[in-house]
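Analysis of the macromolecular model
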Amino acid sequence: MKNILLLLSVFFLHQISGQQKISVWQKGEMPNSKGLKLNIIEEKEGRITQIQEAELFAFLPAKEERKPMAVIVIPGGGYRHLTYDLGGYSYAKWLNTLGISAFVLNYRLPTSPDLKQREIGPLQDIQAAIKLIRKNAAQYGISPNQIGILGTSAGGHLAAMVSNISKDYTELKGDWQAISTVPNFAILVSPVIDLGEFAHKGSRDNLLGEKASQQMISEYSMQNKVTEKTPPTILFHAQNDNAVPVINSILYYEAMIKNKVKGGMFIFPQGEHSIGISNKIELTDNWKKVCANWLFEIGNK
């Protein structure tokens, strides 16, 4: 009897927290894998450097407060690690205060020894995650047509990739093929965009390898991939960001303007590479209010 009560307690605590772990790939369906058995490696609390396969962590507001909109949060970490707590869970909890469901994606890193083709591994995971949430939208009480992404730093690069690369790399068959991999909107915070002159070198080397060709660098510089089909996007960056130069966001926004993509860009004088949920500077902290207003606006169209 005690064991039953304990199990029930755990179940209800789990339900109250609104968080659950979801495998992105069904058994035997994960592409681009050598079949290696990998352990999760966490170099320090809140920062993972290796995972076996992609996972989503769902943060769902109370049903009474839940809006149709959902956001997949893509943590950064230079494509070398995943800042799943500070760059993932914190954003998800903030989104929940707006009544927006959030799903934090821990994706396979391109440095994983299990990947056959390093540069498409993270893209396959986010594409599959979007398909999975769209397919099960009714279960989560959300709309399959209001699913966006929020990416920070290198996670912003991955968010830009899935926004602009419409080719389906998931290799999923059957009714999965009819589900789009492109999000309905995107939020990019201090994003890595350019992998050439203005690159964050670590992100580029980890994604493409240290000897990447100029053709590969150009192909994966996301300002070159923007088209009229790019979803509405809002960008936030700090002018004094010494890790990922602000020109990254500017190049992407210029491409948006040329292709008549709806959205906006906000550059703050301070904030460095630390724009997040808790900001030391009040002006920079206003990005959350601007972002919330933008989400409210596109959610009511």
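Description of the structure in this document. (Residues numbered from 1 in each chain as written. Predicted model: local features only at pLDDT ≥ 70, side-chain atom pairs only at ≥ 80, totals over all residues. Heavy atoms only, no water.)

Quick look at the overall build of the protein
Within the protein one finds ten helices and ten strands. A compact globule built from 301 residues would reach a C-alpha radius of gyration of about 19 Å, and the protein, at 19 Å, matches this within 12%. Across its three principal axes, the protein shows a C-alpha extent of roughly 65 × 45 × 40 Å. For the protein, buried positions account for 55% of its 301 residues. Of the roughly 14500 Å² of accessible surface on the protein, 52% is carried by carbon and sulfur atoms. A distance of 4 Å separates the average location of the 32 positive side-chain charges in the protein from that of its 27 negative side-chain charges. (Helix = DSSP H or I, 4+ residues; strand = E, 2+ residues; numbered from the N terminus. Rg over C-alpha atoms; globule rule 2.2 N^0.38 Å. Buried < 20%, exposed > 50% of the residue type's maximum accessible area, 1.4 Å probe, protein only. Areas by Shrake-Rupley, 256 points an atom, 1.4 Å probe, with all protein chains shown as cover. Lys, Arg positive; Asp, Glu negative; His and termini not counted. Charge placed at Lys NZ, Arg CZ, Asp CG, Glu CD.)

Description of the environment of Lys258
Following the sequence through the fold, Lys258 ends up in helix H8 (residues 247–258). Here Lys258 falls in the exposed class, since its relative accessible area comes to 70%. Along the backbone, Lys258 and Gly88 are 170 residues apart, and their C-alpha atoms lie at a distance of 31 Å.

Digging into unusual backbone geometry
The backbone of Tyr79 sits at a positive phi, close to 60°, despite the residue not being glycine. Its location among the elements puts Tyr79 in the loop between strand E5 (70–74) and helix H2 (85–97). The phi dihedral of Ser190 is positive, around 50°, even though this residue is not glycine. We classify Ser190 as buried; its relative accessible area is 4%.

A closer look at the packing of aromatic side chains
Throughout the structure, instances matching the rule amount to nine aromatic pairs. A ring pair is formed by Tyr91 and Trp287, whose centres lie 6.1 Å apart and whose planes are at 50°; its orientation type is tilted. Note that Tyr91 is positioned in helix H2 and Trp287 in helix H10 (residues 287–299), a separation of 196 residues in sequence. Both residues of the pair, Tyr91 and Trp287, belong to the buried class. Grouped by ring-pair contacts, the aromatic residues Tyr91, Trp94, Phe236, Phe266 and Trp287 constitute a single cluster. Of note, Lys135 hangs over the ring of Trp176, and the distance from its end group to the ring centre comes to 4.0 Å. (Phe/Tyr/Trp six-rings, centres within 6.5 Å; stacked < 30°, edge-to-face > 60°. Lys NZ or Arg CZ within 6 Å of the ring centre and 35° of its normal.)

Quick look at the packing of helix H3 (residues 121–135) against helix H5 (residues 154–164)
A pair of packed helices can be characterised by two numbers: the angle between their axes and the separation between those axes. It is at 10 Å that the axes of H3 and H5 come closest, and there the two elements cross at 65°. Every pair of crossing elements has a handedness; the one defined by H3 and H5 is right-handed. Listed contacts from H5 to Pro122, Leu123, Ile126, Gln127 and Ile130 of H3 are Leu158, Met161 and Val162. (Axes fitted to C-alpha atoms, helices over the stretch in contact; angles between N-to-C directions. Left-handed = near helix turned anticlockwise from the far one by under 90°. Contact = heavy atoms within 4.5 Å.)

Section: the side chain of Asn96
By the element assignment, Asn96 lies in helix H2. Beyond its immediate chain neighbours, meaning those up to four positions away, Asn96 contacts Phe59, Leu60, Pro61, Ser101 and Ala102.

Quick notes on the environment of Asp241
Mapped onto the elements of the fold, Asp241 is located in the loop between strand E9 (233–238) and H8. Considering only alpha carbons, one finds Asp241 and Gln270, 29 residues apart in sequence, at a separation of 8.0 Å. When sequence neighbours within four positions are dropped, the list of residues in contact with Asp241 reads Ser190, Glu272 and His273. Polar side-chain contacts of Asp241 include one of 3.3 Å to the side chain of His237. Polar side-chain contacts of Asp241 include one of 2.9 Å to the backbone nitrogen of Val244. (Polar contact = N/O pair within 3.5 Å; in protein donor to acceptor, adjacent residues only side chain to side chain.)

Some points on the nonpolar core
One finds Leu56, Ile72, Phe103, Leu105, Ile126, Ile149 and Tyr252 to be the most contacted residues of the largest nonpolar core, which totals 57 residues. Per-element accounting of this core gives the leading share, seven residues, to H3. Beyond its immediate sequence surroundings of up to four residues, Tyr252 is in contact with Ala160, Ser163, Asn164, Leu188, Ile193, Met222, Gln223, Val226, Thr230, Thr233 and Leu235. With 30 residues, the next largest nonpolar core counts Phe59, Tyr91, Phe236 and Ala238 among its residues. (Core = buried A, V, L, I, M, F, W, Y, C linked by side-chain atoms within 4.5 Å.)

A short note on the pattern of salt bridges
Where charged atoms of side chains with opposite charge meet at close range, the side chains can pair. Within this structure, the stated rule accounts for nine salt bridges. A salt bridge links Lys201 to Asp205, with the shortest nitrogen-to-oxygen separation between them at 2.6 Å. With Lys201 and Asp205 both in helix H6 (residues 201–208) and four residues apart, the pair spans about one turn of that helix. For Lys201, a relative accessible area of 52% corresponds to the exposed category. Here Arg204 makes a salt bridge to Asp205, at a shortest N to O gap of 3.8 Å. Arg204 sits in the buried class, given a relative accessible area of 17%. (Salt bridge = Lys/Arg side-chain N within 4 Å of Asp/Glu carboxyl O.)

A look at H6
Because each turn of an α-helix spans 3.6 residues, side chains separated by three or four positions in sequence point in the same direction. For H6, the tally of buried residues reaches six of eight residues, placing the bulk of the element in the interior. Taken together, the buried positions of H6 are occupied by Ser203, Arg204, Asp205, Asn206, Leu207 and Leu208. Buried residues in H6 make contact with H5 and helix H7 (214–219).

Any link to function would need more than the numbers given here.
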